[in-house]
Amino acid sequence: MAEAPVDGPVDATAWFASLPGVVVAAGALITDPGGRVLLVKPNYRELWSLPGGILEDGEPPHVGCFREVEEELGLARELGPLLAVAWTGPEGVRPRPIVSFIFDGGVLADPGTIRLQKEELDDWRFVAPAEFDTYLPSYMAQRVRAAVAARATGVAAYVAAESPLE
């Protein structure tokens, strides 16, 4: 990481430009009344995910989460508290870490209001926690389990990936 010079004036613009960056993503934990979690099937990857996505430059996580859920599912969901934050280091072609936020998207009693964004998504479904490993990559299953537990306890979780994504 770049350090600010100690002798002489600091060029703040250059110093901030030299700092490392991260990719930021946000998703929503939305459940049905039975506690099953809403997952979406992106058409650009093999496994499923929570509704959400990569934030725009400078976009606050809760704002980006709201935008992504509305774009992907046609749902303008008021978001509840932060449930989990996950960190994953650089790997392969991805040269920067990813920080992911999961917010409480509440309970969706009427799934008939979902309007799937066909440009990015093939499908959606509610999935029981016991089935997470069937639908989600292992790192995402870990995050979603932490978010489900955080909703139950009221204590947000920090999930650090100790190994590369699987």
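Refer to the structure printed above.
Right, let's walk through the structure included here. (Residues numbered from 1 in each chain as written. Predicted model: local features only at pLDDT ≥ 70, side-chain atom pairs only at ≥ 80, totals over all residues. Heavy atoms only, no water.)

Let's talk about the environment of K118
Here is step 1 of the chain: Here K118 shows up in the loop between β5 (98–107) and β6 (121–127).
Here is step 2 of the chain: Owing to a relative accessible area of 59%, K118 belongs among the exposed residues under this scheme.
Here is step 3 of the chain: A sequence separation of 45 residues divides K118 from L73, and the C-alpha atoms of the two residues are 9.6 Å apart. (Helix = DSSP H or I, 4+ residues; strand = E, 2+ residues; numbered from the N terminus. Buried < 20%, exposed > 50% of the residue type's maximum accessible area, 1.4 Å probe, protein only.)

Overview of the pattern of salt bridges
Pairing between side chains becomes possible if they bear opposite charge and their charged atoms approach one another.
Here is step 1 of the chain: Using the criterion set out here, one finds nine salt bridges in the structure.
Here is step 2 of the chain: Close ionic contact of E59 with R67 constitutes a salt bridge, the shortest N to O distance being 2.8 Å. For the residue pair E59 and R67, the accessibility class agrees, reading buried in each case.
Here is step 3 of the chain: For the salt bridge of R94 with E91, the shortest nitrogen-to-oxygen distance reads 3.9 Å.
Here is step 4 of the chain: The buried category is assigned to R94, whose relative accessible area is 16%.
Here is step 5 of the chain: Shared partners join several salt bridges into a network, and the residues in it are E56, E59, R67, E68 and E71. (Salt bridge = Lys/Arg side-chain N within 4 Å of Asp/Glu carboxyl O.)

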